[in-house]
Amino acid sequence: MRLSTRPILRRVALTGAALLAATAAVPQASAAAPDDRTAAGGGLSAVIRYTENGVPHILARDYAHLGFGTGWAQAADQVCVLADGFVTVSGERSRWFGADAAPDFSLSSATKNLSSDLYFKGVRESGTVEKLLATPAPAGPTEDLEELMRGWAAGYNAWLAQNKITDPACKGAGWVRPVTTVDVAARGFAVSVLGGQGRGIDGITAARPPGTAGSPTGPTALPQGADPAAAAEAAREFFDTGRYDMGSNAVAFAGSTTASGRGLLLGNPHYPWHGGRRFWQFQQTIPGELNVSGASLLGTAVVNIGFNEKVAWSHTVATGTPVNLHQLALDPADPTAYLVDGTPERMTRRTVTVSVAGGAPVTRTQWWTRYGPVVSDLGPGLPLPWTAQTAYALNDPNAANLRGSDTALAMGKARSVAGVQDALRRTQGLPWVNTVAADSAGGTLFTQTQVLPRITDELVARCSTPMGRATYPASGLAVLDGSRGDCAIGSDPDAVQPGVFGPGKAPTLRDAPYVENSNDSAWLANADRPLTGYERIWGNVATPRSPRTRGAVEDVSAMAAKGRLTVADLQKQQFANRVPAGDLAAADAAKACSALPGGTATASDGGAVDVSAACGVLASWDRTTDSTSRGALLFDRFWRKLTASTPAKDLWLVPFSAADPVRTPRTLDQAAPGIGRALADTVAELKAAGIALDAPLGEHQFVVRGGRKLPVGGGTEALGVWNKIEAPWNAAAGGYAEVAHGSSHIQAVGWDGGRCPVARTLLTYSQSSNPGSPYYADQTRLYSEERWVTARFCERDILTSPKLRVALVRERR
């Protein structure tokens, strides 16, 4: 039986009209400092209109009510993931899950719950977040953002109070609890320091003065005996954006390249498919004030990546190094005091006690300086021992930055790429990303306006320690002499907070025919208009680009040259699944394979392996990672092994040239000894697992949802595929079972002269983490089939959705 939608539409219209009338009649929220009284029964409410795939369109009268609707709707889809994150930022993971278990790495890089708790509980007990909330804008959050966060907490709490949790991940769990505004802000703080203190948590919580348990002994300078080249390589690996579980591609095309004369944007962020760093899709509307659609990171009250009537934007993880080290000269009489211009300063002791499930509480002390916390290492490859003479302090300016959501809010109100640039300039809240944007007038923008310590090349030349002279050129990690006052980081006059670069120093390119970034530096945002002249801390120049950057620049420059582009062209680019590494090397690898005597190669274990069948598979492979592609899996496994064991200088006959950075290096050296070994290892691996050399990729790169195996196209960082997909290899389980991270909230946006943007979106892992939700796998199936969702932005489109469901949500008094 067909049901008429008219009664539903009439109710929606009446509800919307009532809300609009109320909006006009009710004054704006009070400018007083926010508190949590509303969460106790102050009467917040919102209208949520759900359309296809469970996407909520939240309509509210002001920011507090909008936050309420956002918090409610997020909780409905992701309550367990959200609750887990609040346990993290409260420093209570050890209490509930045990000290030695590992967090999901969504809010820090801590390897164990105990180190995570020691850090985050220390943040809470020191009042760090409360102090940032109390800081007046623009250095601190705006009143609008405070109202949003206050409302978000109230909405989350109201959902908990009025609904039963059905997700088995936390059904009946004692760690699911109501939250406060400070909890929401603490989650934002954790996101802000993800690239800085959040990556150094293990080293911060493990740092011990000499003479105490677990501390190093003996003097050090570099540290003593350390190899500068090894330190440089360790720092390069630690800050290498290609090794993150975050990444992204984004491209904006100018009106000169499009069919409509208006801009186009394709955003393809690469983020984890599980845990608290997932995106969540929605629209926020305050009539006459804000109307923006897109996605937020879970626990965030704003649209982080999205579009409105006039402008669209996306972000990519930037190469700017968001921290620096200060090498401390310690007081000979006290290793917990350090000298600045000969005057001793005592470190601040931060003693933290963490409750542990099934065990005694653990108490540890952290040590803080004027520069930041003392840190014992930045990963296992870069030890920073605290001795009687020396210690190292980590400076992370994003630990004073709670403005990221204000930046997103301001961008959501922008009406052009100039407005996006102005929003970034006024708020300066982005901690570790670039911005790529396009607008309806045909403008484009690339900018690396992120919060970075004000480390100039001149300061480094004057104040670097021996370690810094090795690490800074390699990675942008400066190690400054903390004993000299004249080595203090200065401030730019246009900077919102002290000690960071002002936006005028950020690498920026406006109105180029295309601007693109795939997590390399700003240098080749447009290959015809390279960006240079920025300080090393922002990123490198004239160095080899990743396969993904090279492939992306080839693709988008060709698209721009072709012209007459539409949103459909963006959709084709997303799922082209071209393998740049395959185009460069597959044919030569096949020839090298065919040249092996007797079709046999020697594996790493010394055994002889018949690889002759692999030669033809490589030769006939279509150079894509479509799920139906035969040969993609073989080349993927071969290429990983070859590049892991053979330096780039030994692979290519034509070396890298800064004058031709997109096309070099190239021409695989067929005589490279690693080729035969990698082929033998790959063939042996696949045969042992019972996987045919020419098996379709999707048979062995897949996810399982509701007992159904969904093939997944796309490829890895090593292959350079735009549609990036990374999954742990488990041959015994069938190959790449269960995607770990990659393409996430994809949006292709343009304008055709009408009132509404033309937008297609896809949330690859779907809206909900609850296996019982109808929105647990629906978009994952679409992604598997390379199908898109038509975004509903304008009111008419929302109200005519055949899946329209309307909810008026409110607090119960």
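Computed from a predicted model, the values in this text were never measured in an experiment. (Residues numbered from 1 in each chain as written. Predicted model: local features only at pLDDT ≥ 70, side-chain atom pairs only at ≥ 80, totals over all residues. Heavy atoms only, no water.)

Chemist: Give a detailed account of the confidence of the model for the chain, specifying residues and quantitative values.
Modeler: Detailed reading of predicted coordinates is not advised where the pLDDT is low. Here the chain averages 93 in pLDDT, while 92% of its residues score no lower than 70. Within the chain, strand 17 (residues 444-447) carries the highest mean pLDDT (99), whereas helix 1 (residues 6-25) carries the lowest (44). Below pLDDT 50 for its whole length, residues 20-41 participates in 26 contacts with residues either more than four positions away or in separate chains. This model gives residues 217-222 a pLDDT under 50, and the stretch forms 16 contacts once residues within four places in sequence are excluded. (pLDDT = per-residue confidence, 0-100. Helix = DSSP H or I, 4+ residues; strand = E, 2+ residues; numbered from the N terminus. Contact = heavy atoms within 4.5 Å.)

Chemist: Just give me the short version of empty space enclosed by the protein, but keep the residues and values in it.
Modeler: Using the criterion set out here, one finds eight cavities of 30 Å³ or more in the structure. Its boundaries defined by the atoms lining it, the largest cavity holds a volume of some 440 Å³. In this structure, the largest cavity is lined by 32 residues; those nearest its centre are V191, L297, N304, G404 and S405. For the lining of the largest cavity, the secondary structure elements donating two or more residues are helix 6 (143-162), helix 7 (181-192), strand 3 (247-253), strand 8 (311-317) and helix 10 (404-413). Here the lining of the largest cavity gets six residues from one element, more than from any other, and that element is helix 7. (1 Å grid on protein atoms, 1.4 Å probe; cavity = no way out; pocket = protein on both sides within 12 Å on 5 of 7 lines; lining within 4 Å. Points joined across faces, edges and corners; volume = space filled by probe spheres on them.)

Chemist: So what's going on with helix 17 (residues 612-620)? Which residues, and what values?
Modeler: One full turn of an α-helix is made of 3.6 residues, so residues set three or four places apart face in the same direction. Among the residues making up helix 17, those that are buried are A614, C615, V617 and L618. Among the structural elements, helix 16 (580-594), helix 18 (632-645) and helix 19 (673-688) are those in contact with the buried residues of helix 17. (Buried < 20%, exposed > 50% of the residue type's maximum accessible area, 1.4 Å probe, protein only.)

Chemist: If you had to explain the state of the cysteines to someone new, which residues and values would you point to?
Modeler: Across all of its chains, the model carries four disulfides by this definition. The disulfide bridge from C80 ends at C170, spanning 2.0 Å between sulfur atoms. Its S-S torsion of approximately -80° makes the covalent link between C80 and C170 left-handed. Of the two residues, C80 is situated in helix 2 (residues 63-89) and C170 in the loop between helix 6 and helix 7; the sequence distance between them amounts to 90 residues. Here C80 matches C170 in class, with each residue buried. Between the sulfur of C593 and that of C615 lies a disulfide, 2.0 Å long from S to S. Handedness here is read from the sign of the S-S torsion; for C593 and C615, about -75°, the answer is left-handed. (Disulfide = S-S within 2.5 Å.)

Chemist: Run through the sheet that holds strand 12 (residues 348-354), naming residues and quoting values.
Modeler: Pairing is antiparallel in the open sheet, where three strands are placed in the order 12-13-14. Bordering the open sheet on either side are strand 12 and strand 14 (372-373), each of which pairs with just one other strand. The pairing of strand 13 (residues 362-369) with strand 14 spans two bridges and is antiparallel. Across the sheet, the residue bridging to W368 is P373, located in strand 14. (Pairing = 2+ DSSP bridges.)

Chemist: So what's going on with the nonpolar core? Residues and values would help.
Modeler: Y156, F189, F253, L378 and I455 are the most contacted members of the largest nonpolar core, which totals 173 residues. Top element by residues in this core is helix 2. It accounts for 15 residues. In this structure Y156 touches G71, W72, A75, V79, L82, A83, F86, V176, R177 and V179, once residues within four positions along its chain are discounted. Among the nonpolar cores identified, the runner-up in size contains 42 residues, and F638, A680, L686 and L693 belong to it. (Core = buried A, V, L, I, M, F, W, Y, C linked by side-chain atoms within 4.5 Å.)

Chemist: Tell me what's going on with the environment of P287, and back it up with residues and numbers.
Modeler: On the secondary structure map, P287 appears in the loop between strand 5 (279-286) and strand 6 (290-297). Sequence separation between P287 and S416 is 129 residues, and the spatial gap between their C-alpha atoms is 19 Å.

Chemist: Account for the packing of helix 6 against helix 10, with residues named and values stated.
Modeler: Where helix 6 meets helix 10, the closest approach of the two axes is 10 Å, and the angle between their N-to-C directions is 105°. It follows that helix 6 is roughly perpendicular to helix 10 by the angle criterion. From helix 6, D144, L145 and L148 reach across to helix 10, where they touch S405, D406, L409 and K413. Partitioning the contact of helix 6 with helix 10 into residue classes produces three nonpolar, one polar and three charged. (Axes fitted to C-alpha atoms, helices over the stretch in contact; angles between N-to-C directions. Parallel < 35°, antiparallel > 145°, perpendicular 65-115°, else oblique. Nonpolar A, V, L, I, M, F, W, Y, C, P; charged D, E, K, R; others polar.)

Chemist: How would you sum up the packing of aromatic side chains? Please name residues and give values.
Modeler: Taken as a whole and judged by the stated rule, the model has 23 aromatic pairs. Ring centres of W621 and F635 lie 4.8 Å apart, and the angle between their planes is 25°; this geometry places the pair in the stacked category. With W621 in the loop between helix 17 and helix 18 and F635 in helix 18, this residue pair connects regions lying 14 residues apart in the sequence. According to the relative accessible area criterion, W621 is buried, its value standing at 3%. Residue F635 is classed as buried on the basis of its relative accessible area of 0%. Taken together, W273, F575, Y765, Y783 and W788 form an aromatic cluster joined through their ring pairs. (Phe/Tyr/Trp six-rings, centres within 6.5 Å; stacked < 30°, edge-to-face > 60°.)

Chemist: Could you give an account of the sheet that holds strand 28 (residues 736-737), with specific residues and numbers?
Modeler: The three strands are arranged 26-25-28 in an open sheet whose pairing can be described as mixed. Among the strands making up the open sheet, the edge pair consists of strand 26 (708-711) and strand 28. As paired elements, strand 25 (residues 701-705) and strand 28 share two bridges and run parallel to each other. For F702, the partnering residue across the bridge sits in strand 28 and is A737.

Chemist: How would you summarise the side chain of D334 if you had to cite specific residues and measurements?
Modeler: Along the chain, D334 turns up in strand 10 (residues 334-340). Looking at D334, its side chain comes within polar contact range of the side chain of R346, at 2.5 Å. (Polar contact = N/O pair within 3.5 Å; in protein donor to acceptor, adjacent residues only side chain to side chain.)

Chemist: Can you break down the packing of helix 9 (residues 228-238) against helix 13 (residues 466-475) residue by residue, with the values?
Modeler: Packing of helix 9 against helix 13 brings their axes to within 8 Å, and their N-to-C directions diverge by 40°. With respect to helix 13, the element helix 9 is oriented oblique. Relative to helix 13, helix 9 is oriented so that their crossing is right-handed. Along the contact surface, helix 9 presents P228, A231, A232, A235 and R236, while helix 13 presents A470, T471, A474 and S475. (Left-handed = near helix turned anticlockwise from the far one by under 90°.)

Chemist: Go over the environment of P757, please, and point to the residues and values.
Modeler: Tracing the backbone shows P757 in the loop between strand 30 (745-750) and strand 31 (758-763). Taking C-alpha positions, P757 is 8.3 Å from F307, a pair spaced 450 residues apart along the chain. Every residue in contact with P757, bar those within four places of it in the chain, is listed here: F307, N308, E309, V749, G750, W751 and F793.

Chemist: Give me the lowdown on the side chain of N526, citing residues and values where you can.
Modeler: With respect to the helices and strands, N526 occurs in the loop between strand 20 (514-517) and helix 14 (547-562). For N526, a relative accessible area of 2% translates into the label buried. Among the polar contacts made by the side chain of N526, one reaches the main-chain carbonyl oxygen of Y514 at a distance of 2.8 Å. A polar atom in the side chain of N526 sits 2.8 Å from the backbone nitrogen of D528.

Chemist: Lay out the pairing of strand 16 (residues 433-439) in plain terms, naming residues and giving numbers.
Modeler: Of all the seven residues making up strand 16, seven are buried; the element is thus mostly covered by neighbouring parts of the structure. Residues V433, T435, A437 and D439 line one face of strand 16 and the alternating positions N434, V436 and A438 line the opposite face, and both faces are buried. In terms of strand pairing, strand 8 meets strand 16 through seven bridges, oriented antiparallel. Paired with T316 across the two strands is N434, which belongs to strand 16. For strand 16 and strand 17, the ladder comprises four bridges, and the chain directions are antiparallel. Bridged to V436 within strand 17 is F446.

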